[in-house]
Amino acid sequence: MEFTPKTGIKGLVENWRGDVIAAISVALIALPLSLGIALAAGAPAMAGIWSAVVGGVVTTLYRGGHVSVNGPAKGVIAVILFGIAVMDDGSGQAFNYVLAAIVVSGGIQAFLGVLKLGRLADIFHSSVIHGLLAAIGIIIFAKQIHVALGTNSDSASIIQNLIDAVVYLPQANPFVVIISIVGLLLSLFHSKISFRVFQFFPAPIWVIAFSIPFVYLFNFFDPQSLNFLGRTYEVGPTLLLDIPDNFTDSILHPNFGKIDTLEFWTTVFSILIITSIESLAIAKAVDKIDPYKRKTDLNKDLTGIGLSTMAAGFIGGLPIIAVIIRSTVNIHNGAKTKWSNLYQGVFLLILIVALSPVMKQVPLCAFAILLVHTGFKLASPAVFKQVYNQGPEQIIFFVFTMVLTLYTNLLIGLVGGSLLVLASHMLLAKESIPQFFRMTYRAGSKVSQNQDGGYDLKIKGIANFLGILKIDKLIEKIPAGADVNINLAETRLVGMTYMEYLVDFLRVQKETGGSVVIKGLDSHVSYSTHNRALKISLSNTEQKLSPRQVRLQNLANENDYTFNGRVDWDTIYLKKFHFFEIRPIERKSNALKGTFKYNNMSWEISDVTFNDGDAFSAETFNTTIMVLKINKDIPVFTMEKEGLFEKIFDRVMAFTGFKDIDFEMYPDFSKRFLITGRDEPAIRVFFNDELIRFFENRQIYHIESNGEALILFNKVKLARTDETIALIDYTKDLAKLLA
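Residues numbered from 1 in each chain as written. Predicted model: local features only at pLDDT ≥ 70, side-chain atom pairs only at ≥ 80, totals over all residues. Heavy atoms only, no water.

A. Main features of the packing of helix α2 (residues 45-61) against helix α13 (residues 339-354). Remark: α2 packs on α13, axes separated minimally by 7 Å, with the N-to-C direction vectors making an angle of 150°. As far as their axial angle goes, α13 and α2 are roughly antiparallel. In terms of crossing hand, the pair formed by α2 and α13 is left-handed. Facing Met46, Ile49, Trp50, Ala52, Val53, Gly55, Gly56, Val57, Thr59, Thr60 and Leu61 of α2, the residues of α13 in contact are Trp339, Asn341, Leu342, Gln344, Gly345, Val346, Leu348, Leu349 and Ile352. Here the contact of α2 with α13 is built from residues that sort into 13 nonpolar, 7 polar and no charged. (Axes fitted to C-alpha atoms, helices over the stretch in contact; angles between N-to-C directions. Helix = DSSP H or I, 4+ residues; strand = E, 2+ residues; numbered from the N terminus. Parallel < 35°, antiparallel > 145°, perpendicular 65-115°, else oblique. Left-handed = near helix turned anticlockwise from the far one by under 90°. Contact = heavy atoms within 4.5 Å. Nonpolar A, V, L, I, M, F, W, Y, C, P; charged D, E, K, R; others polar.)

Next comes the structure, spelled out in structure tokens:
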């Protein structure tokens, strides 16, 4: 980027137009989601709105982030439901007691930020956190599926709620189910619909909009009985959103009458842990997609969110969290400063006031189906597969935490899952308990500066989640932009959370101009091929090539290429391509390199692992890509099969100013390929007759230019050896034309 936006009042004046436009889009998403989250949490609907407004207006005044958006999030649903259940004494004050717990948790959270303990969230094992989130997803699904079906389960057990959803399915209200099915289809297929006007508004808005005609069709405004296939079903105003005409009536105040009870403090710490972990994790995720690569002050952000949570609790709002979906939309729509968060809070308040009569016509099942979809994504089979791919021990931690949470509560689930991880590490390290803790805290890890100005970070002993804060203190001694060698050769065990921490440090250091090398793991073994999986050091262990790596090595030997099967953490160059600009790249490996001698164009084929999606529920993808360095300037463009990558690519490109370019002289080519780019004249010159004929007669690849190089890949999967050979041959012929 050309410049980093100014901060404070100067940033407001300089960037208000872009921030306002982004804020409008965010407010449109926040309106239905905030209402739905509050309803799912068993709170008044306006509690979600107050939380979003306070998260926008108050948090902006004191925060450590730049373009993240604050408000209620799905993570708070389970803790609010839990608090209401355990503190319900029949007085009608259950939610007021929860508001008091929200205020207290916000105060503690702000204090932790003042003490600069923002990094505390890093010590929790990632598989345990994913287990908690999966449990939250199941809780959301179990509660909201009944609203979406028009059924009811009075059981306090989440498992029984799920069973009841199946048992009561024959009793489902078809007039409610029809609306839910339409909403679900819109949620699932919104990104695949190419109609531009349809893409202008986010999926939740369309779900709400399409539900209202059904309300008129079935006349939910009057209590009545409707017949369907010979059976009678009740419909009426009870199925619609209920918000007060006078918004001051929706302002509730905390009741501290339960402050001396165990239930109160369990609720406080459940809220504190979930909001802190999720907010800090999302803050780091937003930093990765911030086009200006700014870093959030996690301690200041923790304090700001804590103060905002206190303010929200005092007026009847839910806890404040940094929200990944709204933050991503904020960035994609051109937000540059923290003031976009304030604007979205103001716009949201205006929207709820202006649209209050319309919102009262929205059926509750429309909000419920949005959350059913969200809950499913948090605990979908893809999540289980992703965790299992990180190692069989990780799926044990994940499932244990999830099940324990479902049968107890979030706090017990977190503690129990963490203890299981700790016990497993002790068994795998094969050390006595005293020795295990000595190797965790007193192993002698150190950082030193070498003669060339770089730094050597030698890590010893047990490197697991318990040692995160200790390594954090060592890393604080390393200045931004410095070259660092991280040596793990003298570690007995390296946990996944520890590796994730090191990789995050690696990314930050590389983005500031430094070079980081992680080495010393050659003698470590793992139960998984996942590079961040738990690793144990064994004597006399040699790293063996996989069958696929052997085939690639043979291919290199036969053709005078070079092959390196090791992991390469240096992926900064790939961030220059739009496809990877907003998708965090974890690593690349199995690099095959060569040069086309007749034109001296160098190339590299490697396996790249990247993430796509929300922070905690992000999917991990592996693909094989080729990078071809062109020895001249070429226009920036993308080229792909029409509709092939619309879901994960085209909708992102729409935010970058790219537009589809058709070639009237080549109608077949234009039908088969989607060409996008800003400099249309230069692109038309580049795609000459010879090049177009080449693409028409060859296999279709996704091709993208960053102005000096091309990336090419076929599918979002690892290439077989024959596919790798075909890609090299394809690129060789393409390079001849480009030369």
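B. Main features of the nonpolar core. Membership of the largest hydrophobic core comes to 74 residues, with the highest contact counts inside it found for Ile80, Phe95 and Leu318. With 11 residues, helix α5 (residues 126-149) is the largest single contributor of residues to this core. The residues touching Leu318, leaving out its near neighbours within four places in the chain, are Ile37, Ala38, Ala43, Ala47, Gly48, Ser51, Pro72, Val76, Ile80, Phe95, Ile102 and Ala312. In this structure, Met601, Ile634, Phe686 and Leu738 belong to the second largest nonpolar core, which totals 40 residues. (Core = buried A, V, L, I, M, F, W, Y, C linked by side-chain atoms within 4.5 Å. Buried < 20%, exposed > 50% of the residue type's maximum accessible area, 1.4 Å probe, protein only.)

C. Representation of empty space enclosed by the protein within the structure. Under the criterion given, the structure shown has 7 cavities of 30 Å³ or more. In this structure, the largest cavity is lined by 15 residues; those nearest its centre are Arg507, Glu511, Thr571, Lys575 and Ile585. Going through the elements one at a time, α21 (496-511) and β12 (585-596) are the ones with two or more residues in the lining of the largest cavity. For the lining of the largest cavity, the class distribution of residues is 6 nonpolar, 1 polar and 8 charged. (1 Å grid on protein atoms, 1.4 Å probe; cavity = no way out; pocket = protein on both sides within 12 Å on 5 of 7 lines; lining within 4 Å. Points joined across faces, edges and corners; volume = space filled by probe spheres on them.)

D. Main features of the pattern of salt bridges. As enumerated under the stated definition, the model contains 18 salt bridges in all. Where Lys458 meets Glu490, a salt bridge forms, and the shortest distance between an N and an O atom there is 3.7 Å. Taken as a pair, Lys458 in strand β6 (residues 455-463) and Glu490 in strand β7 (residues 484-494) lie far apart in primary sequence, 32 residues in all. Exposure remark for Lys458: the relative accessible area of 30% places this residue in the partly exposed category. (Salt bridge = Lys/Arg side-chain N within 4 Å of Asp/Glu carboxyl O.)

E. How the structure looks around the pairing of strand β8 (residues 516-519). Because side chains alternate across β8, one face comprises the buried residues Val516 and Ile518, and the other comprises Val517 and Lys519, none of which is buried. Of the pairings in the sheet, the one linking β7 to β8 comprises 4 bridges and is parallel in character. Bridge pairing links Ile486 to Ile518 in β8. For the segment spanning β7, α21 and β8, crossover handedness is right-handed. (Pairing = 2+ DSSP bridges. Right-handed = clockwise from strand over helix to strand, strands pointing away.)

F. Representation of helix α22 (residues 547-559). Look at α22: 19 Å from first C-alpha to last across 13 residues, which is about the 18 Å you get at 1.5 Å a residue. Taken together, the buried positions of α22 are Arg548, Gln549, Leu552, Leu555 and Ala556. The arc that holds the buried residues of α22, viewed along the axis, is 120°, so those residues lie on one side. Exposed residues pointing more than 90 degrees away from the buried face of α22 are listed as Pro547, Asn557 and Glu558. Structurally, α22 contributes buried residues whose contacts are with β11 (562-564), β12, β13 (601-612), β14 (619-629) and α28 (721-738). Within two residues after α22, Asp560 carries a phi angle of roughly 65°, on the positive side. (Expected span 1.5 Å × (residues − 1). Arc of directions from axis to C-beta.)

G. Molecular detail of the side chain of His524. Position of His524 relative to the elements: it lies in strand β9 (residues 524-525). A distance of 2.9 Å separates polar atoms of two side chains, one belonging to His524 and the other to Thr491. (Polar contact = N/O pair within 3.5 Å; in protein donor to acceptor, adjacent residues only side chain to side chain.)

H. Summary view of the packing of aromatic side chains. One pass over the structure, following the stated rule, counts 32 aromatic pairs. By the ring-pair criterion, three or more aromatic residues cluster together here, those being Phe637, Phe663, Phe669, Phe673, Phe686, Phe687, Phe694, Phe695, Tyr701 and Tyr730. Across the ring face of Trp339, the terminal group of Lys338 is positioned such that the distance to the ring centre comes to 5.2 Å. In this structure, Lys629 packs its charged tip against the face of Tyr573, placed 4.6 Å from the ring centre. (Phe/Tyr/Trp six-rings, centres within 6.5 Å; stacked < 30°, edge-to-face > 60°. Lys NZ or Arg CZ within 6 Å of the ring centre and 35° of its normal.)

I. Representation of unusual backbone geometry in the model. Here the phi dihedral of Lys430 falls at roughly 55°; this positive angle occurs in a residue that is not glycine. Along the chain, the position of Lys430 falls in the loop between α18 (410-429) and α19 (433-441).

J. Up close: the environment of Phe465. Tracing the sequence through the fold places Phe465 in the loop between β6 and α20 (468-475). Residue classification places Phe465 among the buried positions, given a relative accessible area of 6%. For the pair Phe465 and Lys519, spaced 54 residues apart in sequence, the C-alpha to C-alpha distance is 19 Å.

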